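For reference, the chains in residue letters:
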Amino acid sequence: MEDRQGAEPARADAEPAAPGAATSQVGEIGRQAGRGLRWSLLGNLVMKVGSFGMSLVLARLLVPEDFGVFAIALAASQMVIHINDAGIIAATVQWRGRLEEMAPTATVVAIVSSGLLYGIFWMIAPYFAQLSGSEEATWVIRVLAATNVVYGLTAVRSAALLRRFEQDKLTKANLVGFLVNATVSISLAAGGAGAFSFAWGQLAGASVTGVLVVAFARLRIRFGLDRAVARRLLVFGLPLCVSLGIEGVLLNADSVIVGNALGPTLLGLYLLAFNISSWVPGLIGTAVRYVALPSFSRLAEEDPKSLSLGVQRAVPLLLSIVLPIAVVMGTLAPALVVFLYGERWAPSAEVLRFLAIVMTVRMLTALAFDVLASLGATKATVWLNLGWAVVLVPALMTGARVDGIRGAAIGHAVVAVLVALPLATFALHRAGVVLAPIAPALVRPLLGGVLAAAVMTSLAQVVHGVPLVQLCVAGGTGLLVFILVVVPQAVLRQLGGRVTELIPARPR
């Protein structure tokens, strides 16, 4: 296992923590993380509902080609954002020591990194747009990528809020920024701005969020460059930065490849399916990542046994939350797409079936990534994402040329299951995380997912033709089956008893 950067070396004569102490440590950090997670989920839920409403409006104001152009710009911006701050946010959250002693140096590193990257992408934007099949995306890329400069300016303050489990303040800042984003985007789209409406809206929202984050963080703005601190930050952050850069390729390579092979219109259809499949990572995954790194970092700092116990609890719980949603998306994709967006977006449904699988894998590998980062095993994250990307890119190219947008989605799903999951499991095992107790706990969620899919598929054929009825009848029944299989009977009886208590007794 790699040494945790910035941590004191373990003493050979240190006594192992007692099982009760490990459980207590997990419980205490779990309570702090739970509060942060609740705020993050609430904020993400409001933002996702708002984003969904905004997408419905924009889908009627814009054409698929506008979505395709924006997809190209978004791919460029997202590739940069993963390496934007040189890993400073994660390094700040994971820092072993006082925050005030490293904040001036971390601030300088993050600002310099984001500024240099923006300058580079300003120059290569025309070439990226041409490679992606739409030269008109050049200025959309330049506007949208400016949001990354804002993130660089506020990186250390955002990390300070995460480190202190003050997700409530970060959530409030993001919500205000989203309101600004939605107002600007819809106004510009109504005025005929096309793909630029997305870019200017996001830049405006990010700027407002950044101002609020700085105000909430209560961390005095100071600039300095301590070489020893910079070295510790970069030894941890640069491998993570490389890994996140590769992750950016993983998340956006399909947009570039599909756009180049099939054009912006089909890319717009692909993007819609990808956006739907990103609802859960955006809602639950982002909230989990807000608390996972600080939580696992504190557990790793105190006791490795506590970390393994935390992972053993987290993986089955995460799968139990994500899997039923993935089953609904995969089996009822045509009804979901047509009901939400209309018949002209129906071709996106076949893409969504397979991207639902990718969504599930993304959630699990993201958790593995945060566990590895909390251990300081940032080089392992590089090999994890690099191995995934090396296989994914040719699979996407082959799939797009053989079977269009559906083929690209199939390639994405196959590589996720056969390459990404085994690599993540191997990386965690090598880092010293005990995974064996997880396997029995996964039986119920997987069985529940299979049975729910079978029920939904059968009922969807019976009520075929009415999307809303399919979603309510087939989806609702399938979810009920999943709950009955996965949730222990004792818990169900307890919930049933509470419901009964709420029902007033009938007078005799």
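Relevant structure appears above.
### Quick notes on the pattern of salt bridges
In this structure the tally under the stated criterion is five salt bridges. Residue E166 pairs with K169 through a salt bridge whose shortest N-O separation is 3.7 Å. E166 sits in the buried class, given a relative accessible area of 14%. A relative accessible area of 22% means that K169 is categorised as partly exposed. For D403, the salt bridge identified is with R406, shortest N-O distance 2.7 Å.

### Digging into the nonpolar core
With 121 residues, the main nonpolar core has I141, Y270, F296, L307 and V311 as its most contacted residues. Looking at this core, the element that brings in the most residues is helix α14 (residues 378-430), giving 20 residues. Counting 30 residues, the second-largest nonpolar core is a separate cluster that includes A103, A106, V156 and L162.

### Here we look at helix α6 (residues 167-190)
Compared with the 34 Å implied by 1.5 Å per residue over 24 residues, the 34 Å span of α6 between its first and last C-alpha is a close match. Among all positions of α6, only Q167, D168, L170, T171, A173, N174, G177, F178, N181, A182, S185 and A189 are buried. Of the residues trailing α6, G192 is marked for its positive phi of about 90°.

### Re a nonpolar patch on the surface
A contiguous nonpolar surface patch, about 660 Å² in accessible area, is contributed by I120, W122, M123, I124, Y127 and W139. Structurally, Y127 can be placed in helix α4 (residues 99-131). Overall, the relative accessible area of 59% leaves Y127 in the exposed class.

### Regarding the environment of I246
When you line up the elements, I246 lands in helix α8 (residues 227-262). Considered as a pair, I246 and V382 are 136 residues apart in the sequence and their alpha carbons are 7.6 Å apart. The contacts of I246, once residues within four sequence positions are left out, are V382, N385, L386 and A389.

The rules behind each value
- Residues numbered from 1 in each chain as written.
- Predicted model: local features only at pLDDT ≥ 70, side-chain atom pairs only at ≥ 80, totals over all residues.
- Heavy atoms only, no water.
- Salt bridge = Lys/Arg side-chain N within 4 Å of Asp/Glu carboxyl O.
- Buried < 20%, exposed > 50% of the residue type's maximum accessible area, 1.4 Å probe, protein only.
- Core = buried A, V, L, I, M, F, W, Y, C linked by side-chain atoms within 4.5 Å.
- Helix = DSSP H or I, 4+ residues; strand = E, 2+ residues; numbered from the N terminus.
- Expected span 1.5 Å × (residues − 1).
- Patch = residues over 30% accessible without salt bridge, like charges linked within 9 Å, V, L, I, M, F, W, Y side chains within 5 Å.
- Areas by Shrake-Rupley, 256 points an atom, 1.4 Å probe, with all protein chains shown as cover.
- Contact = heavy atoms within 4.5 Å.

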